[in-house]
Amino acid sequence: MARAWQRPSPWPHPWMGPAAWTLGLAFLAWNVVSLDVDPARVARGLGRLGTVLARAVPPDFSRTGLIASGVIESIEIATLSTVLGVLLGIPVAVLAARNVVALPVYAGGRGVVTLGRTLHELILAIIIVKAVGFGPLAGVLTLTVGAVASFAKLLAEQIETIDRGPIEAIRATGASRGAVLIYGVLPQVLPRIIGLSIYQWDVHLRHSTIIGIVGAGGIGATLYNAFARYDYDFALAILIIIVAIVLVGEGVSAAARAKVQ
Amino acid sequence: MGDTAVGARVWRRYSPAQTAARWSAELALAVVTALMLWHVGVRWEYLADAPAQVGDLLGRMLPPEWAFAGSLLHPLAQTINIATLGTAGAIVLSLPIAFFAALNTTPGRVAYALARVVIVVSRSVDTLIWALVFIIVVGPGSLAGTLAVAMRSIGFLAKLFAEGIEEIDRGQVEAVTATGASRLATLLYGIVPQVKPVFLGVSIYRWDINIRESTVLGLVGAGGIGFTLNDAILGLEWARVGLIILVVLAVVLLSEAVSALARRRVT
Amino acid sequence: MLEVSGLEKTYPTGDHALRGVSFTVEGRDAVFVIGPSGAGKSTLLRCVNRLVEPDRGVVRLDGLDVTALDTRALRAARRRMGMIFQEFNLVERLTVMENVLSGRLGYVGLWPAWRRRFPPDDVEAAYRTLARVGLEGFENKRADELSGGQRQRVGIARALVQRPQILLVDEPTSSLDPRTSETVMALITGLAAEDGIPALVNIHDVPLARAFARRIIGLAAGRIVFDGPPAMLDEPALEKIYGARLHEANA
Ligand SMILES: Nc1ncnc2c1ncn2[C@@H]1O[C@H](COP(=O)(O)OP(=O)(O)O)[C@@H](O)[C@H]1O
Ligand SMILES: [Mg+2]
């Protein structure tokens, strides 16, 4: 008598697997059905694709002044917001680390960190542009808010994994809280702080290419204007430049982090 | 160790040269920061006024205009549609690219190089910029948003998928091949079980990033709740803006929670 | 003089680690605390300098009620107690000198501590202490470059440079090989005797305790079940501390 074998289900109940799949597929189907698409508009656009491409190629790099000032502004926004974000993010990280502060403080710190990362940079930028006016300063402040939150989150996670032993030893010498931080905690997290700062800079360089869309400075503003004026060859040039700076930024960041570790 | 006049030895953590190098590095960073601040042009009177401005804005946003909530259902659904379909499309497209871009499964140099170029270009351009591009092609609306989300996600997914493929254990694949199994069978029994958790985890993670991205696509005309947000801002309807921001916050937090839960399930 | 009376500790997890421990350490001798793993040895030591807060009981150091002190005064009291750990607990990424000087952190301000500018007397004391533990010339090595025995010597130097009135030593040799264990134990007891300070030493290695102790305290399940000279530590006494079966298994 041959015995039958069936692969055991990884779910607590065998019906849960198919149910999850059905639910997922139904969700996908709903998405397809409810997505608003105007076929006529799409057809018109696709019909014009040839014209658009013809106008975009070859890219127009001739307006070097505009491109350069946009790129410099993006780099400035990325650098300044990283410096500010790290300086402000370190204390926030301490407040959001479970093993350093009391539970209510931790809850507060965690809340700040979570909220700060939830809103998209562009929404933050809109609010900050209203507050400080158009220009790169708004970009710096926008990315700083995001930086404080995401840097603090990553650093807090690092602080939560540090070795308690040395901290206990330094507390046992009668050192103050500050001295315990400087001698027990900081040396354990410093390499990570440097690595994360470089990583943040790289991320900010990417973000600095879009916040210009709502008037917060950087190369994104130049790009947005080019699109708005149907300057497709200039827009293509800026796109290529953006890919290039992001790649260079990523390379610099990777090399610098490798050196730190 | 030279003794000083009082007979106490001196200890310095860093040699004078090291100290000089550290100071100059710190100084350089400070000078660059200061120069950039100056060049960016901080208008202090604006900055000093900023807290008051933000306070004023918050005052107008709160309490939010709850009555408007009904009109948000459709744009919200669009946002989720854009993120989900964009992610789904990107998953399908990035699977072959990932196998081309993984050193241990790539069919050849050319395919590898091409796959890497696609990944790099896709990743370096933000979703919003892809949206600007697709609006030119298919017009404003959810389709442009969906295509933008897919375009940005392909590189992200293919890169991480490829890393997952490169980490597979050759031994397991060899063992299946050694049974005389076909190439397809080897893929199904030797490779898929190893990469499935990574692929699922990465895909779900990207979906939750894409929900967040999709909330702003409407600001450039690519559909979703951002479109409504833009209207409210242009119409200076701040109580509506307040409500939309609250809803966006809730949706992003919820999708993050769902994603975290689902990822724990698959790994 | 260290007086401990009626010490009790239950951890939030429900572990009843100390169930009324009282003893006195007079004079300058090292007192060795033995007992099986989980008996409460580490908890006892940590209650003395309140790294662990005892639930009940009193700890007096030279008449000062340590258990009644507020945070500030407690820090001042901790400066008078040097602690040595099983896992050394050095800050791995700092140099030997920084680790030793951290024993003086209670006496310098935050800014000099940050700039690594310790008073010349402290630096001189650190150099001398390094020489005493046999690490002359090691000051600029990083702690993670050292062997286990060398690390524990740095740990000893950090405790001694506090100029403490007592040493609290928690299984100082459990992470070391047998030969190094003996040297390190000899170093600790020798230096404590030189400085004329008593030491409270946790240890689970009974032969090592016998070799160095004048007085042994046996701890079992949070209670003192033996207190006397090594000569009195006979079979029945060991059975009381370690339990009959475990002890036979070891023999
Ligand atoms: N931080 C802690 N939290 C909860 N329980 C603990 C903690 N430290 C020790 N214990 C418990 O207290 C008891 C005594 O532990 P310990 O003092 O470390 O004993 P010993 O040092 O003799 O091995 C054990 O049951 C242990 O599990
Ligand atoms: Mg112990």
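Keep in mind the model is a prediction, meaning the values are calculated, not measured.

### Points about the overall build of chain B
Moving on, step 1. Looking only at helices and strands, chain B has 10 helices and zero strands in total.
Moving on, step 2. Each helix and strand of chain B, placed in order from N terminus to C terminus, yields the pattern α-α-α-α-α-α-α-α-α-α.
Moving on, step 3. At 27 Å, chain B has a C-alpha radius of gyration far larger than the 18 Å of a compact globule built from 267 residues.
Moving on, step 4. Reported as C-alpha extents along the three principal axes, the dimensions of chain B are approximately 85 × 70 × 35 Å.
Moving on, step 5. The proportion of buried residues among the 267 residues of chain B is 44%.
Moving on, step 6. Of the contacts made within chain B by residues no fewer than 6 positions apart, 72% connect residues no fewer than 24 positions apart.
Moving on, step 7. Accessible surface computed for chain B: about 13300 Å², of which carbon and sulfur atoms make up 69%.
Moving on, step 8. Looking at chain B, you have 20 positive and 17 negative side-chain charges, and the mean spots of the two groups are 8 Å apart.

### Some details on the environment of Thr33 of chain B
Moving on, step 1. The residue Thr33 of chain B is located in helix H1 (residues 16-40) in this model.
Moving on, step 2. Once residues within four sequence positions are removed from consideration, Thr33 of chain B is found in contact with Leu80 and Val83 of chain A.

### Looking at the site of ligand 1
Residue and element names in this part refer to chain C.
Moving on, step 1. Taken together, the neighbourhood of ligand 1 is formed by Tyr11, Thr13, Asp15, Ala17, Pro36, Ser37, Gly38, Ala39, Gly40, Lys41, Ser42 and Thr43.
Moving on, step 2. Here Thr13 contributes a side-chain N or O atom positioned 3.4 Å from a nitrogen atom of ligand 1.
Moving on, step 3. Here a nitrogen atom of ligand 1 sits 3.4 Å away from a polar atom, N or O, in the side chain of Asp15.
Moving on, step 4. Protein chains bury 64% of the 560 Å² of accessible surface belonging to ligand 1 in isolation.
Moving on, step 5. The dominant element in the shell around ligand 1, judged by the number of residues it contributes, is helix H1 (residues 41-48), at three residues.
Moving on, step 6. Class assignment for the residues of the shell around ligand 1 results in four nonpolar, six polar and two charged.

### Some remarks on the interface of chain B and chain A
In many reports, interface size means the accessible area that the parts give up when they come together.
Moving on, step 1. With 58 residues of chain B at the interface, the matching set in chain A holds 58 residues.
Moving on, step 2. Interface area, chain B with chain A, both sides summed: about 5200 Å², of which 75% is carbon and sulfur.
Moving on, step 3. For chain B, the biggest contributors to the area lost against chain A are Val40, Ile136 and Arg212 of chain B; these three give 12% of the whole.
Moving on, step 4. Put simply, chain B and chain A have two salt bridges between them.
Moving on, step 5. A salt bridge links Arg123 of chain B to Glu250 of chain A; the shortest N-O distance between them is 3.3 Å.
Moving on, step 6. One can count 10 residue pairs in polar contact (both at pLDDT 80 or more) joining chain B with chain A.
Moving on, step 7. Residue composition of the side of chain B that touches chain A, by class: 38 nonpolar, 12 polar and eight charged.

### Examining the sheet that holds strand E2 (residues 16-25) of chain C
Moving on, step 1. On the basis of which strands lie adjacent, the open sheet formed by four strands has the order E2-E1-E4-E5 (chain C) and antiparallel pairing. The outermost strands of the open sheet, each flanked by one partner alone, are E2 and strand E5 (64-65) of chain C.

### Some thoughts on the side chain of Ser153 of chain B
Moving on, step 1. Take Ser153 of chain B: it is sitting in helix H6 (residues 142-166).
Moving on, step 2. Separated by 3.4 Å, the side chains of Ser153 of chain B and Arg206 of chain B make a polar contact.

### Notes on the confidence of the model for chain A
Low pLDDT means the predicted coordinates in that region are not meant to be read closely.
Moving on, step 1. Mean pLDDT over chain A works out to 86, with 99% of the residues at or above the 70 mark.
Moving on, step 2. Ranking the helices and strands of chain A by mean pLDDT puts helix H8 (residues 164-172) of chain A first, with 93, and helix H2 (residues 39-47) of chain A last, with 79.

Cut-off values and rules
Residues numbered from 1 in each chain as written. Chains lettered and ligands numbered in written order. Predicted model: local features only at pLDDT ≥ 70, side-chain atom pairs only at ≥ 80, totals over all residues. Heavy atoms only, no water. Helix = DSSP H or I, 4+ residues; strand = E, 2+ residues; numbered from the N terminus. Rg over C-alpha atoms; globule rule 2.2 N^0.38 Å. Buried < 20%, exposed > 50% of the residue type's maximum accessible area, 1.4 Å probe, protein only. Contact = heavy atoms within 4.5 Å. Areas by Shrake-Rupley, 256 points an atom, 1.4 Å probe, with all protein chains shown as cover. Lys, Arg positive; Asp, Glu negative; His and termini not counted. Charge placed at Lys NZ, Arg CZ, Asp CG, Glu CD. Near = heavy atom within 4 Å. Polar contact = N/O pair within 3.5 Å; in protein donor to acceptor, adjacent residues only side chain to side chain. Nonpolar A, V, L, I, M, F, W, Y, C, P; charged D, E, K, R; others polar. Buried area = accessible area lost by both parts, 1.4 Å probe. Salt bridge = Lys/Arg side-chain N within 4 Å of Asp/Glu carboxyl O. Pairing = 2+ DSSP bridges. pLDDT = per-residue confidence, 0-100.

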